Every structure is written in C-alpha cells, then in structure tokens.
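As a plain string of letters, each chain reads:
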Amino acid sequence: MLIFVTQNKNGMKNHIWHIIAVLTVGIWGLTFISTKVLIESGLSPQEIFLIRFLVAYVGIWFISPHKFFADNWKDEFWLLAGGITGGSFYFLTENTAIGITLVSNVSFIVCTAPLLTTILALMIYKKEKATRWLVAGSLIALLGVALVVYNGNFVLRISPLGDLLSLSAALMWAFYSLIIKKITDRYSTVFITRKVFFYGVLTILPFFVIHPWQFDVERLLRPAILFNLLFLGVLASLICFVVWNMVLKRLGTIKASNYIYLNPVFTLAGSVLLLGEHLTPVALSGAVLILGGVYLAGKK
C-alpha cells in the first residue's frame, strides 16, 4: 500500500512538470507577437534582446543565492556556453535569418530544435534511448509544424545564408539543452539561469559596435512598448528560463524538448485571439498533428 501511494505521488509530480512544460512553451509561443510589436515600434532585434535579458538579469538577483562564480573554470566555461547558445547567438541567428529569408522558412527550421536535441543526446549520452513512439511522435509533430507555419501557402525559396542561420539557431538551442543537462546536478537552477542571463548580455554587447543603439530611450516608457518589454523580460525570460531549466532537470532533455513543437500552436492561437488573424483548416489540422505527435513522443 505504501509503495502504491509513493508511486502515485511520484506520478502526480511528473504530470505536474509536463503541465508546467506546456505552459512555459505557451508563453514562449506568444513572445513572437510581442517581438513583432516591438520591431514595428522601431526597436532592433539586438536592442530587444539586450533589454529582455538585462531586465531578467537584474530581476533574478532578488531570488538568486549569493554565489558569483562556478566551482571551477570548466563549469564557468559551460555557463558561458549556455549564455551564448541559449541567449545571444540563438536570438541573433534567428532574427537575422528573418531579415534574409522567408519567415515561414525560419519558423519551420527553428522548430527542428527538438529533433536535433534528440539526435545529439542519443549520440552523446548512451543511456538515452529512442523509442518508436518518440521517433513517430517527433515526425508527426514536425509535419504539423509545417502545416501551421506554411498554412497552405507553401513557397519554396532557398536562401543558403538565411536557412543556414535558421539551422544554426535550432542547433544553438539543442546545444543549450545539453549544456543545462550537463551542469544541472551541480548547481541550483536559479544560479545557472542567472549566469546564462549574464553571459547572454555580455556576449551581445560587441554587436552594438557594428550596429549601435539607435532607439530613443524615452520611447521605452510608452505603455505598449513598456508592457511588451516587461512581458519578454520578466515572464518570458526571468520566470520561464528558470522554470524551463527545472523542467529539463525533472523530465530529461529529450522529453522536455519535444514540447517545443507546441510553440507554433500557441503562436497561432495568440495571433487569432490578439491580432484577429483567421484560423484556416490547414493550420487547425497542423495543430492537431502537433498535439498528437507530442503525446505520442511522450509515451514510454
């Protein structure tokens, strides 16, 4: 009886982390809308990223333990790598690609991140196993992503540089997930996340030498701009990065990463509800495939 109760409690805790993963990805799916509003207001991608991570970095000091550096220089290097792969380089490659190639191409290629994460995890960690449900679910979810992203208007325009940058963004996120897996057992989640924010901000600064800050600082206080920046900085970065790193620790890299496929579903829902865009049968079919694929990938 005691064993049954213990297993039941563990199962409930595990389900809670799956729900938290979905909610986190849901918030990230809405960041596209906020970023779009800010770019249309005149902010550049690197300006948005700097403010977003700077707000998150300042905020996390209020909950972060008083620890400045990792226990050794190797771990400090991995934290630097986390700030680059999950922060500055990920956002730079993705946003730069959008200016070069079709947005639909970027969205689809970046959503291959869970598949790339799975492949890399299987190559690096021998204990990780790819079940038939995982493979089938990933492929079905990826097909659903294609339907949602292209929405029946498939236009083939190969842009070597733009598509390569998009693939680089997906790889950056895959490497970030593996880096967090490597160090998550040795440090607190909050400490790791704080260091990721710090190195993300630090490594974005050199890019302002090439593209100096141009946005009028006084305009940052305008309600629409301020609200979206706080949403990106506090909720989507500070809270969601801390929570996501906990999800990676609790569910494992492969299982957690599969929830990234849900990103376009929440972006689609947000576009319909907040921007008044129409929901087409093709996009709806894609959303159903994504949900089904993620469910299959999570089966044992």
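See the structure printed just above.
Residues numbered from 1 in each chain as written. Predicted model: local features only at pLDDT ≥ 70, side-chain atom pairs only at ≥ 80, totals over all residues. Heavy atoms only, no water.

Its 16 residues give helix α2 (residues 45-60) an end-to-end C-alpha distance of 22 Å, which sits within 8% of 22 Å, the value for a rise of 1.5 Å per residue. In terms of residue burial, α2 counts as a mostly covered element, since 12 of its 16 residues are buried. All buried positions along α2 are accounted for by Gln46, Glu47, Ile48, Phe49, Leu50, Ile51, Arg52, Phe53, Ala56, Tyr57, Gly59 and Ile60. (Helix = DSSP H or I, 4+ residues; strand = E, 2+ residues; numbered from the N terminus. Expected span 1.5 Å × (residues − 1). Buried < 20%, exposed > 50% of the residue type's maximum accessible area, 1.4 Å probe, protein only.)

Our next topic: the pattern of salt bridges. Tallied over the full model, the rule gives three salt bridges. One salt bridge in this structure joins arginine 186 and aspartate 75, with 2.8 Å as the shortest N-O distance. Linking arginine 186 in the loop between α7 (160-183) and α8 (189-204) with aspartate 75 in helix α3 (residues 73-98), this pair joins segments that are 111 residues apart in sequence. On the accessibility criterion, arginine 186 (43% relative accessible area) is partly exposed. On the basis of relative accessible area, aspartate 75 is assigned to the buried category, the value being 5%. (Salt bridge = Lys/Arg side-chain N within 4 Å of Asp/Glu carboxyl O.)

So, on to the nonpolar core. Among the nonpolar cores identified, the biggest contains 71 residues, and Trp28, Trp173, Phe197, Trp244, Tyr259 and Ile290 are the most heavily contacted of them. In terms of residue count, the dominant contributor to this core is α7 (10 residues). If near-sequence neighbours (up to four positions away) are discounted, phenylalanine 197 is found in contact with Phe53, Ala56, Tyr57, Ile60, Ser237, Leu238 and Phe241. Among the nonpolar cores identified, the runner-up in size contains 10 residues, and Leu38, Leu43, Leu220 and Leu229 belong to it. (Core = buried A, V, L, I, M, F, W, Y, C linked by side-chain atoms within 4.5 Å. Contact = heavy atoms within 4.5 Å.)

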